[in-house]
Amino acid sequence: MIRTIIFDLGGVVITLDPQQAVDRFKALGLHDAAKRLDSYTQSGIFGDLEHGLITAEDFRRELSVLVGREVSHEACAHAWQGYALEVPQRNLDALQHLRRDGYRVVLLSNTNPYMMEWAESPDFDGHGHPVSYYFDQCYLSYRMQLMKPSEDIFRAVLSSEKTFASECLFVDDGARNVATASQLGMRTFCPVNGEDWTAEIRDFLKDNG
């Protein structure tokens, strides 16, 4: 029986626009932004930030060196937040319905402090609520110093939630992340970025409880 549903943020709860993020970093002077940015697992200073190996201030300083000029915190935040295209109301409604139906609903995201400045602000949903309003718990890569698709981050979540993999449904638009969760024994669903997954999740839970 499914008791806990684990959602990714980007590409599931919110719709991503990777090109917008690339364009914003290019505008800062990072001409190879397309090579440095990845929608699923970042590398270099981008990956170090999401892995919690460097702070937001470390990232700002190192990005300034890369582009050859001083880049502000606000400019970094604007560039990172270019990933966020839309927060569909249908997704937020579905999260609330799942919680009302008795499921434990948690977030597991590869993310960083700049993205979470927006996501944890009242601007997130347009109604004055941060992303945490919609979840029982939020697990963030940079705080855990672990990243998907490593098994370690999934095991850490299972341990913290005091649950079994067989009692979890994992929803993520990254195929590698879904593969790891499946190998650990979770039920999984891999929607396409921006896809309306709400009906499919509802139907799955009807059949698998």
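Before reading further, recall that the structure is shown in the block above.
Predicted, not measured: the structure shown is a model, and the values here were computed from it. (Residues numbered from 1 in each chain as written. Predicted model: local features only at pLDDT ≥ 70, side-chain atom pairs only at ≥ 80, totals over all residues. Heavy atoms only, no water.)

Its location among the elements puts Asn177 in helix 10 (residues 175-183). With relative accessibility at 4%, the residue Asn177 sits in the buried group. If near-sequence neighbours (up to four positions away) are discounted, Asn177 is found in contact with Lys148, Pro149, Phe154, Phe170 and Asp172. (Helix = DSSP H or I, 4+ residues; strand = E, 2+ residues; numbered from the N terminus. Buried < 20%, exposed > 50% of the residue type's maximum accessible area, 1.4 Å probe, protein only. Contact = heavy atoms within 4.5 Å.)

Attention shifts here to the packing of aromatic side chains. Summed over the entire model, instances satisfying the criterion amount to 12 aromatic pairs. Ring plane angle 80 degrees and centroid distance 5.2 Å describe the contact between Phe25 and Phe46, whose orientation is recorded as edge-to-face. Of this pair, Phe25 sits in helix 1 (residues 18-27) while Phe46 sits in helix 3 (residues 44-50), placing them 21 residues apart in sequence. Pair check on accessibility: Phe25 and Phe46 agree, each one buried. (Phe/Tyr/Trp six-rings, centres within 6.5 Å; stacked < 30°, edge-to-face > 60°.)

This part covers the environment of Lys26. Residue position: Lys26 is located in helix 1. The class for Lys26 is partly exposed, based on a relative accessible area of 36%. Measuring from C-alpha to C-alpha, the distance between Lys26 and Asn112 comes to 19 Å, with 86 residues separating the pair along the chain. What Lys26 contacts, discounting residues up to four positions off in sequence, is His31 and Ala33.

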